[in-house]
Amino acid sequence: QLQASGGGLVQTGGSLRLSCVASGPGRSFSNYAIGWFRQAPGKAREFVVAISPTNGRPNLADSVKGRYTMTRYNVKNTVYLQMNSLEPEDSATYYCAAVLYGRGRADWSEYHYWGQGTQVTVSS
């Protein structure tokens, strides 16, 4: 199971840090690719960032490069999404997702496990 948290209301230019904690992974957490996706009302699910099991460098969507960063702490079964310089367009429900031995790619259909989502609202 994946548990996402850390969302909230923030003003434009502000920051938030989202967390995603995995519980009871069948395999070592370090073997999972972890991704963050977001979905705003009436819009399609959008890739944000992902990390593969083997490459610690996050794969970031162009829309968030330079503002977001993702880190993983395998010993804690946790990943963090640090979001800076937030804009109203970043408002959405953010979901973390995982796939065993995944490649950290942007295709949401590759991810087998999903958290419940955490709401991020950026006011202008």
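Reading the values: rules and limits
Residues numbered from 1 in each chain as written. Predicted model: local features only at pLDDT ≥ 70, side-chain atom pairs only at ≥ 80, totals over all residues. Heavy atoms only, no water. Salt bridge = Lys/Arg side-chain N within 4 Å of Asp/Glu carboxyl O. Helix = DSSP H or I, 4+ residues; strand = E, 2+ residues; numbered from the N terminus. Buried < 20%, exposed > 50% of the residue type's maximum accessible area, 1.4 Å probe, protein only. Lys, Arg positive; Asp, Glu negative; His and termini not counted. Polar contact = N/O pair within 3.5 Å; in protein donor to acceptor, adjacent residues only side chain to side chain. Contact = heavy atoms within 4.5 Å. Pairing = 2+ DSSP bridges. Axes fitted to C-alpha atoms, helices over the stretch in contact; angles between N-to-C directions. Phe/Tyr/Trp six-rings, centres within 6.5 Å; stacked < 30°, edge-to-face > 60°.

Enquirer: Just to check I follow, could you spell out the pattern of salt bridges for this structure?
Expert: Pairs can form between side chains of opposite charge whenever their charged atoms are close. Inspection of every chain in the model, using the stated rule, returns 5 salt bridges. Salt bridges linked by common partners bring Arg38, Glu46, Arg67 and Asp90 together as one network.

Enquirer: How should unusual backbone geometry be read in this particular structure?
Expert: Working note: non-glycine residues mostly have negative phi, and peptide bonds are mostly trans. Within the chain, asparagine 77 stands out as a residue other than glycine whose phi angle is a positive 50°. Locating asparagine 77 in the fold gives a position in the loop between β7 (68–73) and β8 (78–83). One non-glycine residue, serine 85, lies in positive phi territory at about 50°. Residue placement: serine 85 occurs in the loop between β8 and β9 (92–100). What makes serine 85 partly exposed here is its relative accessible area of 40%.

Enquirer: Would you take a moment to explain the side chain of arginine 72 for this structure?
Expert: Examined against the element boundaries, arginine 72 turns out to sit in strand β7. It is glutamate 110 that comes nearest to the buried, bridge-free arginine 72 among opposite-charge side chains, at 13 Å. In this structure the side chain of arginine 72 is engaged in a polar contact, spanning 2.9 Å, whose partner is the backbone oxygen of tyrosine 32. At a separation of 2.9 Å, a polar atom in the side chain of arginine 72 contacts the side chain of asparagine 74. In contact with arginine 72, not counting residues within four places along its chain, are Phe29, Ser30, Tyr32, Ala33, Ile34, Ile51, Ser52, Pro53, Thr78 and Val79.

Enquirer: Help me understand the sheet that holds strand β3 (residues 16–22), please; the structure alone is not making it clear to me.
Expert: Strand pairing in a sheet relies on backbone hydrogen bonds, with the paired strands running either antiparallel or parallel. If you walk across this open sheet you meet the 4 strands as β1-β3-β8-β7, and the pairing is antiparallel. Each edge of the open sheet is held by one strand with a lone partner, namely β1 (2–5) and β7. Within this sheet the neighbouring strands show an average axis-to-axis angle of 15°, counted without direction.

Enquirer: Would you take a moment to explain the packing of aromatic side chains for this structure?
Expert: Between two aromatic rings, the relevant description is the distance of the centres plus the angle of the planes. Inspection of the entire model under this criterion finds 6 aromatic pairs. For the ring pair phenylalanine 37 and phenylalanine 47, a centre distance of 5.6 Å and an interplane angle of 65° mean the geometry is edge-to-face. Separated by 10 residues along the polypeptide, phenylalanine 37 in strand β4 (residues 32–39) and phenylalanine 47 in strand β5 (residues 46–51) bring together distant segments of the chain. Taken together, a centroid distance of 6.5 Å and an interplanar angle of 70° make the contact between tyrosine 111 and tryptophan 114 edge-to-face. By relative accessible area, which is 4% here, tyrosine 111 ends up buried. Since its relative accessible area comes to 28%, tryptophan 114 is described here as partly exposed.

Keep in mind these values describe shape, not function.
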